[in-house]
Amino acid sequence: MATTYDFPSDLLAGQEELHQVRAELSVLLKRLPWSVEPVDGFSDDNGWRKVERPASPGWSADEQAEVEKLRRREHELAVFLSTHRYWSELTGPERVSARSQLKHAHEAPPEEPDGAS
């Protein structure tokens, strides 16, 4: 059975917020045009595979600001999580195992099969 860790509430909250920020950033980037700056579309079939891109109107100042805000918060959270004082209590493989478990702490635990106790 895997070791369970008693993570501090601020560490759990920080990890959960990091997941949320990354999800928001992913949705935003998928919605935005492929280029930050306005660029004409192109088609290139001289390489090993054909590459095509439609014209991009670029990102608005508000869109650029929103991406920057989310990236900045993602960085702040990553630094907070990786430098948290909790990690000094663990060493070597135990620290790696705990960090991996923290990344999945927001997920529901797997259900026990019927009859298991």
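Reading guide: rules and limits
- Sequence positions are assigned chain by chain, starting from 1 and proceeding in written order.
- Selection of residues for local features in this predicted model requires a pLDDT of at least 70, selection of side-chain atom pairs for listing and counting requires 80 or more, and totals for whole chains, interfaces and linings are taken over all residues.
- Only hydrogens and water are removed before side-chain values are computed, so all heavy atoms of the structure are retained for them.
- Residues belong to one nonpolar core when they are buried, are Ala, Val, Leu, Ile, Met, Phe, Trp, Tyr or Cys, and are joined through side-chain atoms within 4.5 Å.
- Burial here depends on accessible area, computed with a 1.4 Å probe over protein chains only, as a share of the maximum for the residue type. Under 20% is buried, over 50% is exposed, and the range in between is partly exposed.
- Where helices and strands are cited, they refer to DSSP runs of H or I of at least four residues and of E of at least two residues respectively, numbered from the N terminus.
- In what follows, residue pairs with any heavy atoms lying within 4.5 Å of each other are defined as contacts.
- Any carboxyl oxygen of Asp or Glu within 4 Å of a side-chain nitrogen of Lys or Arg constitutes a salt bridge here.
- In this analysis an axis means a line fitted to C-alpha atoms, helices contributing only their contacting stretch, and an angle means the value between N-to-C directions, from 0 to 180 degrees.
- Here roughly perpendicular refers to angles of 65 to 115 degrees, roughly parallel to angles under 35, roughly antiparallel to angles over 145, and oblique to all remaining angles.
- Residues are sorted three ways: Asp, Glu, Lys and Arg are charged, Ala, Val, Leu, Ile, Met, Phe, Trp, Tyr, Cys and Pro are nonpolar, and all the rest, Gly among them, are polar.

Trainee: Any chance you could explain the nonpolar core here in plain terms?
Mentor: Side chains of nonpolar character tend, in soluble globular proteins, to be buried together. Of all hydrophobic cores here, the largest spans 18 residues; its most connected members are Phe7, Leu11, Tyr86 and Trp87. Broken down by secondary-structure element, the contributors of at least two residues to this core are helix H1 (9-31), helix H2 (61-82) and helix H3 (92-103). Of the residues forming this core, the biggest block, five residues, is contributed by H1. Residues contacting Phe7, with those up to four places away along its chain left out, are Leu12, Tyr86, Trp87, Ala98, Gln101 and Leu102.

Trainee: I keep staring at the pattern of salt bridges and nothing clicks. Help me out?
Mentor: Oppositely charged side chains can pair when the atoms bearing their charge come close. Counted by the stated rule, this structure contains six salt bridges. Notably, a salt bridge pairs Glu74 with Arg22, separated by 2.8 Å at the nearest N-O pair. You can see Glu74 sitting in helix H2 and its partner Arg22 sitting in helix H1, a full 52 residues away along the chain. For Arg72, the salt bridge identified is with Glu68, shortest N-O distance 3.3 Å. Here Glu68 and Arg72 lie together in helix H2, a separation of four residues that amounts to about one turn. Overall, the relative accessible area of 44% leaves Arg72 in the partly exposed class. Looking at Glu68, the relative accessible area reads 40%, which means it is partly exposed.

Trainee: Can you help me understand the packing of H1 against H3 in this one?
Mentor: When two helices pack together, their arrangement is captured by the angle between the axes and the distance separating the axes. H3 packs onto H1 with a crossing angle of 55 degrees between their chain directions and a minimal axis gap of 9 Å. Between H1 and H3, the angle is such that the two are oblique. On H3, the residues that touch Leu11, Leu12, Gln15 and His19 of H1 are Arg99, Leu102 and Lys103. Taken together, the residues of the contact of H1 with H3 sort by class into three nonpolar, two polar and two charged.

That's the geometry; what it means functionally is another story.
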